[in-house]
Amino acid sequence: MIKVGIIGATGYAGGELVRILSGHKDAQIIWYGSRSYIDRKYADVYRNMFQIVDAVCMDDNMEELASRVDVIFTATPQGLCASLVNEEILSKTKIIDLSADFRLKDVKVYEEWYKIEHKAPRFLDEAVYGLCEINRESVRKARLVANPGCYTTCSILTAYPLAREGLIDMSTLIIDAKSGTSGAGRGAKVQNLFCEVNENMKAYGVASHRHTPEIEEQLGYAAGEQVVLSFTPHLVPMNRGILATEYANLKRDVSWEDVKAAYDKYYGDEKFIRVLDKGVCPETKWVEGSNYVDIGFQIDSRTDRIIMMGAIDNLVKGAAGQAVQNMNLMFGLKESEGLELVPMFP
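Cut-offs used in this document
Numbering of residues begins from 1 in every chain and follows the order in which that chain's sequence is written. It should be noted that, the model being predicted, local features are given only for residues of pLDDT at least 70 and side-chain atom pairs only at 80 or more, the latter also being counted only at that level, while totals for whole chains, interfaces and linings use all residues. Side-chain numbers here rest on the full set of heavy atoms in the structure, without hydrogens or water. Helix axes use the C-alpha atoms of the stretch in contact, all axes being lines fitted to C-alpha atoms, and the angles between their N-to-C directions lie in the range 0 to 180 degrees. Strands here are runs of E lasting at least two residues and helices are runs of H or I lasting at least four, both read from the DSSP assignment and numbered beginning at the N terminus. Here roughly perpendicular refers to angles of 65 to 115 degrees, roughly parallel to angles under 35, roughly antiparallel to angles over 145, and oblique to all remaining angles. Every residue pair with non-hydrogen atoms within 4.5 Å of one another is taken to be in contact. Side-chain classes are defined by residue name, with Ala, Val, Leu, Ile, Met, Phe, Trp, Tyr, Cys and Pro counting as nonpolar, Asp, Glu, Lys and Arg as charged, and the others, Gly among them, as polar. Only protein chains enter the accessibility calculation, which uses a 1.4 Å probe; a residue is then buried when its area is under 20% of its type maximum, exposed when over 50%, and partly exposed in between. Polar contact criterion, stated in full: a pair of N or O atoms within 3.5 Å, where within protein one must be able to donate a hydrogen and the other to accept it, and residues adjacent in sequence count only if both atoms are side-chain atoms. Nonpolar core, defined: a set of buried Ala, Val, Leu, Ile, Met, Phe, Trp, Tyr and Cys residues in which side-chain atoms within 4.5 Å join the residues together. One fewer than the residue count of a helix, multiplied by 1.5 Å, yields its expected span. Here the arc refers to the directions that run from the helix axis out to each C-beta atom. Salt bridges are defined by distance alone: a side-chain nitrogen of Lys or Arg within 4 Å of a carboxyl oxygen of Asp or Glu.

Peer 1: I'd love a proper account of the packing of helix 8 (residues 150-164) against helix 11 (residues 256-267), names of residues and values included.
Peer 2: Axis separation between helix 8 and helix 11 bottoms out at 9 Å; the angle between their running directions is 105 degrees. Looking at the two axes, helix 8 sits roughly perpendicular to helix 11. Only Val 259, Ala 262, Tyr 263, Tyr 266 and Tyr 267 of helix 11 make contact with helix 8, whose side of the interface consists of Leu 157, Thr 158, Tyr 160, Pro 161, Leu 162 and Arg 164. Broken down by class, the residue content of the contact of helix 8 with helix 11 amounts to nine nonpolar, one polar and one charged.

Right under this line is the structure:
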(Lines give C-alpha, C1' and ligand atoms only; values in the text may rest on other atoms or scores of the structure.)
Protein backbone atom coordinates (compact mmCIF):
# COMPACT_ATOMS: atom_id res chain seq x y z
CA MET A 1 0.00 0.00 0.00
CA ILE A 2 1.43 3.38 -1.05
CA LYS A 3 1.32 5.91 1.76
CA VAL A 4 0.27 9.31 0.44
CA GLY A 5 0.54 12.82 1.82
CA ILE A 6 -1.21 15.81 0.29
CA ILE A 7 -0.19 19.41 0.92
CA GLY A 8 -3.02 21.67 -0.18
CA ALA A 9 -5.71 19.05 0.34
CA THR A 10 -8.54 21.57 0.67
CA GLY A 11 -8.12 23.38 -2.63
CA TYR A 12 -10.11 22.20 -5.63
CA ALA A 13 -7.27 20.09 -7.05
CA GLY A 14 -6.45 18.77 -3.58
CA GLY A 15 -10.07 17.84 -3.00
CA GLU A 16 -10.13 16.01 -6.32
CA LEU A 17 -6.98 14.13 -5.32
CA VAL A 18 -8.75 12.99 -2.17
CA ARG A 19 -11.82 11.89 -4.16
CA ILE A 20 -9.78 9.88 -6.65
CA LEU A 21 -7.37 8.35 -4.16
CA SER A 22 -10.23 7.32 -1.89
CA GLY A 23 -11.11 4.76 -4.56
CA HIS A 24 -7.52 3.69 -5.33
CA LYS A 25 -6.88 0.12 -4.18
CA ASP A 26 -3.12 0.59 -3.79
CA ALA A 27 -2.96 3.99 -2.06
CA GLN A 28 -3.82 5.30 1.39
CA ILE A 29 -3.86 8.99 2.32
CA ILE A 30 -2.34 9.49 5.76
CA TRP A 31 -1.75 13.27 5.66
CA TYR A 32 -4.34 15.86 4.67
CA GLY A 33 -2.29 19.03 4.67
CA SER A 34 -4.05 22.40 4.70
CA ARG A 35 -2.56 25.53 6.21
CA SER A 36 -6.02 27.18 6.24
CA TYR A 37 -7.85 24.42 8.13
CA ILE A 38 -5.34 22.92 10.59
CA ASP A 39 -7.05 20.70 13.19
CA ARG A 40 -10.43 20.89 11.45
CA LYS A 41 -12.08 17.70 10.24
CA TYR A 42 -11.54 17.25 6.52
CA ALA A 43 -15.19 16.23 6.10
CA ASP A 44 -16.25 19.55 7.61
CA VAL A 45 -14.48 21.31 4.74
CA TYR A 46 -15.78 18.95 2.05
CA ARG A 47 -19.10 17.49 3.14
CA ASN A 48 -19.04 14.99 0.29
CA MET A 49 -16.41 13.17 2.36
CA PHE A 50 -18.68 12.76 5.42
CA GLN A 51 -18.25 9.21 6.78
CA ILE A 52 -15.70 8.58 4.04
CA VAL A 53 -12.71 10.53 5.38
CA ASP A 54 -12.32 10.50 9.15
CA ALA A 55 -9.25 12.67 9.50
CA VAL A 56 -8.29 16.18 10.50
CA CYS A 57 -6.30 18.63 8.44
CA MET A 58 -2.60 18.99 9.26
CA ASP A 59 0.09 21.52 8.40
CA ASP A 60 2.56 21.59 5.50
CA ASN A 61 5.60 20.26 7.36
CA MET A 62 7.28 18.53 4.43
CA GLU A 63 10.27 17.46 6.52
CA GLU A 64 8.09 15.38 8.83
CA LEU A 65 5.82 14.24 6.04
CA ALA A 66 8.74 12.89 3.98
CA SER A 67 9.56 10.44 6.77
CA ARG A 68 6.02 9.09 6.87
CA VAL A 69 4.89 8.70 3.26
CA ASP A 70 6.03 7.25 -0.05
CA VAL A 71 4.79 10.15 -2.16
CA ILE A 72 3.81 13.76 -1.54
CA PHE A 73 1.37 15.65 -3.73
CA THR A 74 1.75 19.42 -3.49
CA ALA A 75 -1.45 21.09 -4.70
CA THR A 76 -0.32 24.54 -3.68
CA PRO A 77 0.29 28.01 -5.14
CA GLN A 78 3.43 28.70 -7.11
CA GLY A 79 6.57 29.01 -5.00
CA LEU A 80 5.62 26.85 -2.01
CA CYS A 81 6.93 23.49 -3.19
CA ALA A 82 10.20 25.01 -4.38
CA SER A 83 10.63 26.70 -1.00
CA LEU A 84 10.19 23.40 0.88
CA VAL A 85 11.88 20.72 -1.20
CA ASN A 86 15.50 19.72 -0.62
CA GLU A 87 17.81 16.78 -1.26
CA GLU A 88 17.10 15.14 2.09
CA ILE A 89 13.36 15.12 1.39
CA LEU A 90 13.83 13.70 -2.10
CA SER A 91 16.06 10.97 -0.70
CA LYS A 92 13.13 9.77 1.41
CA THR A 93 10.06 10.24 -0.75
CA LYS A 94 8.80 11.08 -4.22
CA ILE A 95 7.10 14.39 -5.00
CA ILE A 96 4.42 15.20 -7.55
CA ASP A 97 4.05 18.97 -7.70
CA LEU A 98 0.82 20.34 -9.15
CA SER A 99 2.16 23.91 -9.22
CA ALA A 100 4.38 25.40 -11.92
CA ASP A 101 7.56 25.38 -9.84
CA PHE A 102 9.35 22.69 -11.86
CA ARG A 103 7.58 22.74 -15.22
CA LEU A 104 9.87 25.22 -16.96
CA LYS A 105 13.54 24.38 -17.43
CA ASP A 106 14.75 27.98 -17.68
CA VAL A 107 14.62 29.67 -14.27
CA LYS A 108 14.65 33.10 -15.90
CA VAL A 109 11.51 32.27 -17.87
CA TYR A 110 9.80 31.06 -14.70
CA GLU A 111 10.70 34.19 -12.77
CA GLU A 112 9.66 36.46 -15.65
CA TRP A 113 6.20 34.90 -16.05
CA TYR A 114 5.43 34.09 -12.41
CA LYS A 115 7.01 37.22 -10.88
CA ILE A 116 8.63 35.32 -7.99
CA GLU A 117 12.13 34.10 -7.25
CA HIS A 118 12.66 30.37 -7.77
CA LYS A 119 13.83 28.84 -4.49
CA ALA A 120 15.13 25.50 -5.83
CA PRO A 121 16.56 25.92 -9.35
CA ARG A 122 19.01 23.07 -8.72
CA PHE A 123 16.17 20.58 -9.21
CA LEU A 124 14.89 21.95 -12.54
CA ASP A 125 17.04 19.69 -14.71
CA GLU A 126 16.03 16.61 -12.74
CA ALA A 127 12.29 17.28 -12.63
CA VAL A 128 10.27 15.34 -15.20
CA TYR A 129 7.41 17.05 -16.98
CA GLY A 130 4.55 14.73 -16.10
CA LEU A 131 2.58 14.55 -19.30
CA CYS A 132 2.28 10.78 -19.17
CA GLU A 133 1.42 10.11 -22.80
CA ILE A 134 4.60 11.86 -23.93
CA ASN A 135 7.11 11.32 -21.09
CA ARG A 136 5.94 7.96 -19.74
CA GLU A 137 9.33 6.27 -19.46
CA SER A 138 10.96 9.27 -17.80
CA VAL A 139 8.10 9.51 -15.29
CA ARG A 140 8.62 5.86 -14.29
CA LYS A 141 12.15 6.66 -13.09
CA ALA A 142 11.46 10.07 -11.54
CA ARG A 143 11.50 11.15 -7.93
CA LEU A 144 10.26 14.68 -8.73
CA VAL A 145 7.45 15.18 -11.25
CA ALA A 146 6.11 18.52 -12.44
CA ASN A 147 2.43 17.88 -13.05
CA PRO A 148 1.34 19.91 -16.10
CA GLY A 149 -1.20 22.69 -15.91
CA CYS A 150 -4.79 22.27 -17.09
CA TYR A 151 -4.68 24.61 -20.08
CA THR A 152 -1.30 23.21 -21.07
CA THR A 153 -2.38 19.57 -20.89
CA CYS A 154 -5.30 20.21 -23.22
CA SER A 155 -3.39 22.53 -25.55
CA ILE A 156 -0.28 20.37 -25.89
CA LEU A 157 -2.01 17.02 -26.36
CA THR A 158 -4.38 18.48 -28.96
CA ALA A 159 -1.53 19.66 -31.23
CA TYR A 160 1.31 17.31 -30.28
CA PRO A 161 1.06 14.67 -33.06
CA LEU A 162 0.83 17.28 -35.80
CA ALA A 163 3.74 19.24 -34.34
CA ARG A 164 5.79 16.06 -34.05
CA GLU A 165 5.00 14.96 -37.61
CA GLY A 166 5.73 18.40 -39.08
CA LEU A 167 2.25 18.81 -40.53
CA ILE A 168 1.66 22.34 -39.24
CA ASP A 169 3.55 25.62 -39.42
CA MET A 170 4.26 26.23 -35.73
CA SER A 171 4.74 29.96 -36.27
CA THR A 172 1.05 30.24 -37.18
CA LEU A 173 -0.36 28.35 -34.18
CA ILE A 174 -3.14 30.13 -32.28
CA ILE A 175 -4.81 28.60 -29.22
CA ASP A 176 -8.18 29.84 -28.00
CA ALA A 177 -9.22 28.11 -24.77
CA LYS A 178 -12.20 28.26 -22.41
CA SER A 179 -12.20 27.08 -18.80
CA GLY A 180 -14.70 26.57 -16.03
CA THR A 181 -14.33 28.62 -12.88
CA SER A 182 -12.74 25.88 -10.76
CA GLY A 183 -9.57 26.50 -12.75
CA ALA A 184 -9.19 29.79 -10.89
CA GLY A 185 -8.91 28.03 -7.53
CA ARG A 186 -10.99 28.08 -4.35
CA GLY A 187 -9.75 31.36 -2.92
CA ALA A 188 -12.25 34.19 -2.54
CA LYS A 189 -11.87 36.65 -5.42
CA VAL A 190 -14.35 39.29 -6.54
CA GLN A 191 -13.98 38.35 -10.20
CA ASN A 192 -15.05 34.77 -9.39
CA LEU A 193 -18.24 35.64 -7.52
CA PHE A 194 -21.46 34.21 -8.96
CA CYS A 195 -22.76 37.58 -10.16
CA GLU A 196 -19.46 38.29 -11.89
CA VAL A 197 -19.24 34.94 -13.69
CA ASN A 198 -22.85 33.92 -14.35
CA GLU A 199 -24.27 34.86 -17.77
CA ASN A 200 -20.86 36.10 -18.79
CA MET A 201 -17.80 35.10 -20.78
CA LYS A 202 -14.51 36.96 -20.76
CA ALA A 203 -10.96 36.71 -21.95
CA TYR A 204 -8.18 37.21 -19.44
CA GLY A 205 -4.40 37.06 -19.37
CA VAL A 206 -4.44 38.17 -23.01
CA ALA A 207 -0.94 37.86 -24.51
CA SER A 208 0.35 37.38 -20.96
CA HIS A 209 -1.06 34.16 -19.48
CA ARG A 210 1.64 32.29 -17.58
CA HIS A 211 0.82 28.92 -19.13
CA THR A 212 2.03 30.29 -22.48
CA PRO A 213 5.76 29.47 -22.06
CA GLU A 214 4.91 25.99 -20.80
CA ILE A 215 2.92 25.25 -23.96
CA GLU A 216 5.63 26.77 -26.13
CA GLU A 217 8.39 24.79 -24.45
CA GLN A 218 6.70 21.41 -24.77
CA LEU A 219 5.45 21.88 -28.32
CA GLY A 220 8.91 23.17 -29.18
CA TYR A 221 10.36 19.83 -28.06
CA ALA A 222 7.79 18.06 -30.23
CA ALA A 223 8.45 20.17 -33.33
CA GLY A 224 12.21 20.35 -32.86
CA GLU A 225 12.19 24.13 -33.10
CA GLN A 226 11.57 27.19 -30.99
CA VAL A 227 7.87 27.89 -30.83
CA VAL A 228 6.18 31.23 -30.23
CA LEU A 229 2.39 31.15 -30.29
CA SER A 230 -0.70 33.12 -29.37
CA PHE A 231 -2.65 31.76 -26.40
CA THR A 232 -5.85 33.36 -25.13
CA PRO A 233 -7.80 31.86 -22.22
CA HIS A 234 -11.43 32.62 -21.41
CA LEU A 235 -13.55 32.13 -18.30
CA VAL A 236 -16.97 30.58 -18.85
CA PRO A 237 -19.81 30.08 -16.35
CA MET A 238 -19.45 26.37 -15.62
CA ASN A 239 -17.75 24.47 -12.80
CA ARG A 240 -15.45 22.17 -14.74
CA GLY A 241 -13.95 21.68 -18.14
CA ILE A 242 -11.59 23.12 -20.71
CA LEU A 243 -12.18 23.37 -24.43
CA ALA A 244 -9.20 24.38 -26.54
CA THR A 245 -9.66 25.35 -30.18
CA GLU A 246 -6.36 25.62 -32.05
CA TYR A 247 -5.65 26.99 -35.52
CA ALA A 248 -2.56 26.51 -37.68
CA ASN A 249 -1.50 26.61 -41.33
CA LEU A 250 -0.85 23.24 -42.92
CA LYS A 251 2.60 22.68 -44.41
CA ARG A 252 1.28 20.44 -47.17
CA ASP A 253 -1.92 19.07 -48.61
CA VAL A 254 -3.31 16.37 -46.38
CA SER A 255 -6.56 14.46 -46.17
CA TRP A 256 -8.65 13.81 -43.07
CA GLU A 257 -7.30 10.26 -43.14
CA ASP A 258 -3.69 11.52 -43.19
CA VAL A 259 -4.25 13.63 -40.10
CA LYS A 260 -6.16 10.86 -38.35
CA ALA A 261 -3.22 8.53 -39.04
CA ALA A 262 -0.89 11.00 -37.31
CA TYR A 263 -3.11 11.08 -34.23
CA ASP A 264 -3.43 7.29 -34.24
CA LYS A 265 0.35 6.92 -34.47
CA TYR A 266 0.79 8.61 -31.10
CA TYR A 267 -2.53 8.01 -29.38
CA GLY A 268 -3.88 4.79 -30.89
CA ASP A 269 -2.94 2.78 -27.79
CA GLU A 270 -3.58 5.50 -25.21
CA LYS A 271 -6.22 4.69 -22.62
CA PHE A 272 -7.17 8.26 -21.85
CA ILE A 273 -7.01 9.97 -25.25
CA ARG A 274 -10.04 9.55 -27.49
CA VAL A 275 -9.69 10.80 -31.08
CA LEU A 276 -13.24 11.36 -32.22
CA ASP A 277 -14.93 10.25 -35.43
CA LYS A 278 -15.02 12.45 -38.48
CA GLY A 279 -17.30 15.45 -38.08
CA VAL A 280 -17.58 15.08 -34.29
CA CYS A 281 -16.36 17.97 -32.15
CA PRO A 282 -15.25 17.59 -28.53
CA GLU A 283 -17.55 18.84 -25.78
CA THR A 284 -16.66 19.38 -22.15
CA LYS A 285 -19.78 17.57 -20.92
CA TRP A 286 -18.57 14.28 -22.38
CA VAL A 287 -15.34 14.28 -20.33
CA GLU A 288 -16.62 15.78 -17.08
CA GLY A 289 -15.44 13.92 -13.98
CA SER A 290 -13.08 11.72 -16.00
CA ASN A 291 -9.42 11.48 -16.96
CA TYR A 292 -10.19 11.45 -20.68
CA VAL A 293 -9.01 13.85 -23.36
CA ASP A 294 -11.34 14.10 -26.35
CA ILE A 295 -9.75 15.39 -29.57
CA GLY A 296 -11.29 16.29 -32.91
CA PHE A 297 -10.16 18.23 -35.96
CA GLN A 298 -11.39 19.76 -39.19
CA ILE A 299 -9.36 20.67 -42.27
CA ASP A 300 -10.33 24.03 -43.75
CA SER A 301 -9.33 23.59 -47.40
CA ARG A 302 -10.46 27.13 -48.21
CA THR A 303 -7.73 28.66 -46.02
CA ASP A 304 -5.24 25.74 -45.95
CA ARG A 305 -5.58 25.67 -42.19
CA ILE A 306 -6.44 22.95 -39.73
CA ILE A 307 -8.67 23.44 -36.72
CA MET A 308 -7.80 21.18 -33.78
CA MET A 309 -10.07 20.84 -30.78
CA GLY A 310 -9.52 19.25 -27.38
CA ALA A 311 -11.64 18.87 -24.25
CA ILE A 312 -10.70 17.80 -20.72
CA ASP A 313 -11.94 18.07 -17.15
CA ASN A 314 -9.52 20.63 -15.75
CA LEU A 315 -9.58 19.11 -12.26
CA VAL A 316 -9.03 15.51 -13.38
CA LYS A 317 -6.83 15.12 -16.46
CA GLY A 318 -5.86 18.77 -15.99
CA ALA A 319 -4.72 18.28 -12.40
CA ALA A 320 -5.50 15.49 -9.92
CA GLY A 321 -6.22 12.65 -12.34
CA GLN A 322 -2.99 13.27 -14.20
CA ALA A 323 -1.14 13.43 -10.89
CA VAL A 324 -2.49 10.00 -9.91
CA GLN A 325 -1.61 8.71 -13.38
CA ASN A 326 1.95 9.90 -12.72
CA MET A 327 1.95 8.21 -9.30
CA ASN A 328 0.87 4.93 -10.84
CA LEU A 329 3.76 5.08 -13.29
CA MET A 330 6.29 6.01 -10.61
CA PHE A 331 5.32 3.02 -8.46
CA GLY A 332 4.99 0.46 -11.24
CA LEU A 333 1.21 0.15 -10.96
CA LYS A 334 -1.38 -0.21 -13.70
CA GLU A 335 -1.43 3.29 -15.19
CA SER A 336 -5.20 3.58 -15.08
CA GLU A 337 -5.62 2.35 -11.48
CA GLY A 338 -8.13 4.55 -9.67
CA LEU A 339 -8.80 6.50 -12.86
CA GLU A 340 -11.31 4.40 -14.76
CA LEU A 341 -13.91 7.07 -14.17
CA VAL A 342 -16.79 7.12 -16.61
CA PRO A 343 -17.61 10.73 -17.56
CA MET A 344 -20.60 12.12 -15.67
CA PHE A 345 -23.75 13.18 -17.48
CA PRO A 346 -25.85 15.17 -16.99
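Peer 1: Now, about the side chain of Ser 155: what can you tell me, with residues and values included?
Peer 2: Within the element layout of this structure, Ser 155 appears in helix 8. On the basis of relative accessibility, which here comes to 0%, the residue Ser 155 falls in the buried class. Polar contacts involving the side chain of Ser 155 include one to the main-chain carbonyl oxygen of Tyr 151, which spans 2.8 Å. Those residues in contact with Ser 155 that lie beyond four places of it in its chain are Ile 175, Ile 215, Phe 231, Ala 244 and Glu 246.

Peer 1: For unusual backbone geometry, give the residues involved together with the corresponding values.
Peer 2: Geometrically, the link from Phe 345 to Pro 346 is a cis peptide bond, its omega value of 0 degrees lying close to zero. Following the sequence through the fold, Pro 346 ends up in the segment after helix 12 (316-330). Unlike most non-glycine residues, Lys 115 shows phi in positive territory, near 60 degrees. Backbone geometry at Glu 199 places phi at a positive 55 degrees, although glycine is not the residue there. Relative to the helices and strands, Glu 199 resides in the loop between helix 9 (194-197) and strand 8 (202-203). Owing to a relative accessible area of 73%, Glu 199 belongs among the exposed residues under this scheme.

Peer 1: Got a sec to walk through the nonpolar core? Specific residues and values, please.
Peer 2: In this structure, Val 4, Leu 21, Phe 73 and Met 327 are the most contacted members of the largest nonpolar core, which totals 42 residues. Listed by contribution, the elements that provide at least two residues to this core are strand 1 (2-7), helix 1 (12-21), strand 2 (27-33), helix 2 (42-45), strand 3 (71-74), helix 7 (132-140) and helix 12. Per-element tally for this core: the top contributor is helix 12, with eight residues. Counting residues in hydrophobic clusters, the runner-up holds 41 residues, among them Ala 177, Ala 222, Ile 306 and Met 308.

Peer 1: I'd like to hear about helix 11, residue by residue, with values.
Peer 2: The end-to-end C-alpha distance of helix 11 is 16 Å, a good match for the 16 Å that 12 residues give at a rise of 1.5 Å each. Among the residues of helix 11, those classed as buried are Trp 256, Val 259, Lys 260, Ala 262, Tyr 263 and Tyr 267. Along the axis of helix 11, the buried positions cluster into a sector of 155 degrees, meaning they face one direction only.

Peer 1: Any chance you could break down helix 7 for me, citing the residues and the numbers?
Peer 2: Three or four residues apart is the spacing at which side chains of an α-helix point the same way, because the helix has 3.6 residues per turn. Listing the buried residues of helix 7 in full gives Cys 132, Glu 133, Asn 135, Arg 136 and Val 139. Looking at the buried residues of helix 7, the elements they touch are strand 5 (128-129), strand 6 (144-146), helix 8, helix 10 (212-223), strand 11 (273-275) and helix 12.

Peer 1: A description of the pattern of salt bridges should follow, citing residues and the corresponding values.
Peer 2: As enumerated under the stated definition, the model contains 23 salt bridges in all. Here Arg 143 makes a salt bridge to Glu 126, at a shortest N to O gap of 2.4 Å. Of the two residues, Arg 143 sits in the loop between helix 7 and strand 6 while Glu 126 sits in the loop between helix 6 (107-114) and strand 5, which places them 17 residues apart along the sequence. We classify Arg 143 as partly exposed; its relative accessible area is 23%. Linking Lys 285 and Glu 283 is a salt bridge whose minimum nitrogen-to-oxygen distance equals 3.8 Å. The partly exposed category is assigned to Glu 283, whose relative accessible area is 35%. One network of salt bridges, with partners in common, ties together Glu 16, Arg 19, Arg 240 and Asp 313.

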